[in-house]
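Descriptive structure summary
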Amino acid sequence: MHHFLSFSPEVANARAAGKAIVALESTIISHGMPYPQNVQTAREVEQIIRDGGAVPATIAVINGKICIGLTDEQLELLGQSPEAMKVSRRDLAYVLSQNKLGATTVAATMICAALAGISVFVTGGIGGVHRGAETSFDISADLQELAQTNVAVVCAGVKSILDIGLTLEYLETQGVPVVSVGQPGFPAFFTRESGFHADFQLDTAADQAAFIHTKWRLGLNGGVVVSNPVPEADAMQKEEIDAITLQALQEAAENGVTGKKVTPFLLARIKTLTGGRSLATNIALVKNNARVGAELARAMVEYPI
Ligand code: PSU
Ligand code: MN
């Protein structure tokens, strides 16, 4: 076992029994949603994965260890602590060696999941190429991680706070396949359609697993984006979210928000500007992804890594 990894009893038992395991990130808890909905959602998402026949492994850095599977107290700590650092690839060695509290992004969670031998990871939305990246150079490290780390990421697409077209171009350049579930279109997080197509529509977990396995058997390292649209009933109105997104982006620019603060700033402003309705959509789509991810993890058990 890797020196820095610490498995919860539930995840350790699942590993020993060869059960399906689904990784979950913790930045969504610390920086993506407000307390107490963040902790409550994290618990409910874990339960959906158990009900789907897999074992949840929420990942965070605590006391110099990468924890794979968290206790209720640890989830609460991440959900409440202002000290919890947003940890991407760049930050991982720092939080570990300094014994800080770290909430892992998509990129860092992929790294930790791969170290732990977990090949399926469920989240809400991945990071991407920010609007105006041609001058700001703001491109999430999530994309570069998808280019190299062998983990399938189930998400509801990317938010329109990002440049969705450029994000897809970047993924294509890096050889990251974008799969869609149940529709040809690539979803835009709060809404089911982004106006862009995914590369391949694969509706069943068996087909998704066969695709992912084939990629890795070919020696084509890197992740796969499995994009799953928010359920119709929980989606937001496109016009409303587009207008609010523009306002949030303008406020970020006016306030000089840069670097790792950009995404959390935009998420928090959108939540406030929608009167909390974006949060309800966010919670619904993560739960929907948990169902798809549990099924995919079970199908992946056929193909041990
Ligand atoms: N998008 C969301 N919710 C989130 C994030 C992105 O809709 O919580 C988080 C994820 O942890 C993602 C990170 O990996 O933000 C990306 O941050 P950045 O753009 O700084 O790489
Ligand atoms: Mn960034």
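By convention here, each chain's residues receive numbers from 1 onward along its written sequence. The order in which chains are written sets their letters, starting at A; the order in which ligands are written sets their numbers, starting at 1. Given that the model is predicted, a residue must reach a pLDDT of at least 70 before its local features are reported, and side-chain atom pairs must reach 80 or more before they are shown or counted; all residues, however, enter totals for whole chains, interfaces and linings.

As recorded in an unreviewed UniProt entry, the protein goes by the name Pseudouridine-5'-phosphate glycosidase, listed as coming from Pseudoduganella buxea. UniProt positions are given in the numbering used here, feature names are shortened, and annotations may be inferred rather than shown by experiment. Word for word, the UniProt comment on the protein under Function (unreviewed entry) is "Catalyzes the reversible cleavage of pseudouridine 5'-phosphate (PsiMP) to ribose 5-phosphate and uracil. Functions biologically in the cleavage direction, as part of a pseudouridine degradation pathway." One UniProt comment on the protein, placed under Subunit (unreviewed entry), says "Homotrimer."

This part covers the UniProt feature "active site" (unreviewed entry) in the protein. Taken from the UniProt record, the annotation "active site" (unreviewed entry) applies to E25 and K159. Labels follow the DSSP assignment, with helices taken as runs of H or I lasting at least four residues and strands as runs of E lasting at least two, numbered in each case from the N terminus. Mapped onto the fold, E25 is located in the loop between β2 (21-24) and α2 (27-32). Among the residues examined, E25 registers 29 C-beta atoms within 10 Å and is labelled buried. Think of it this way: build a C-beta for each residue from its backbone, and any pair within 7 Å is a contact. When near neighbours in sequence (up to four residues on either side) are disregarded, E25 contacts I59, T104, T105, V106, T109 and T123. Exposure in this text rests on C-beta crowding, where 20 or more other C-beta atoms within 10 Å of a residue's own make it buried, 12 or fewer make it exposed, and counts in between make it partly exposed. The C-beta atoms are placed from the backbone.

Turning to the environment of P34, a few remarks are in order. If you trace the backbone, P34 turns up in the loop between α2 and α3 (37-51). Separated by 245 residues in sequence, P34 and L279 have C-alpha atoms that sit 8.8 Å apart.

The UniProt record marks K86, V106, S140, A141 and D142 with the feature "binding site: substrate" (unreviewed entry), using the residue numbering of this structure. Spanning 57 residues, the annotated positions come together in the fold, the maximum distance between their C-alpha atoms being 12.9 Å. Mapped onto the fold, K86 is located in strand β5 (residues 85-87). Not counting residues up to four positions away in its chain, the partners in contact with K86 are T27, S30, H31, A103, T105, K260 and P264. Dropping the residues within four chain positions of it, A141 is found in contact with S88, R89, R90 and A107.

Another aspect to go through is the site of ligand 1. For each residue, a C-beta atom is placed from the backbone, and the residue is labelled near a molecule or strand when this atom is within 6 Å of it. As a structural note, the neighbourhood of ligand 1 is formed by 18 residues, with T27, G32, G125, G127 and S140 the closest of them. Looking at the shell around ligand 1 element by element, the count peaks at 3 residues for α2. Ten residue types, Ala, Val, Leu, Ile, Met, Phe, Trp, Tyr, Cys and Pro, are classed as nonpolar, four, Asp, Glu, Lys and Arg, as charged, and the remainder, Gly among them, as polar. Taken together, the residues of the shell around ligand 1 break down into 5 nonpolar, 9 polar and 4 charged.

A separate point is helix α6 (residues 106-115). Extensive coverage of α6 is indicated by the burial of 9 of its 10 residues. Taken together, the buried positions of α6 are V106, A107, A108, T109, M110, I111, C112, A113 and A114. A positive phi of about 75° marks G117, the residue just after α6.

Further remarks concern helix α12 (residues 262-273). Expected span of a helix, by definition, is 1.5 Å for each gap between consecutive residues, and there is one gap fewer than residues. Compared with the 16 Å implied by 1.5 Å per residue over 12 residues, the 16 Å span of α12 between its first and last C-alpha is a close match. Looking at the buried side of α12, the elements it contacts are α2, α11 (238-254) and α13 (277-300). Following α12 by one or two positions, G275 adopts a phi angle in the positive range, close to 60°.

The subject of this paragraph is unusual backbone geometry. Across the junction of Y35 and P36, the peptide omega takes the value 5°, indicating a cis bond. Relative to the helices and strands, P36 is located in the loop between α2 and α3. Despite not being glycine, N99 has its phi angle at roughly 55°, a positive value. Relative to the helices and strands, N99 is located in the loop between α5 (92-97) and β6 (102-104). On the basis of neighbour count, N99 is assigned to the exposed category, with 12 C-beta atoms found within 10 Å. With phi around 65°, F189 is a residue other than glycine that occupies positive phi space. Along the polypeptide, F189 turns up in the loop between β10 (185-188) and β11 (191-197). Classification of F189 as buried rests on a count of 28 C-beta atoms within 10 Å.

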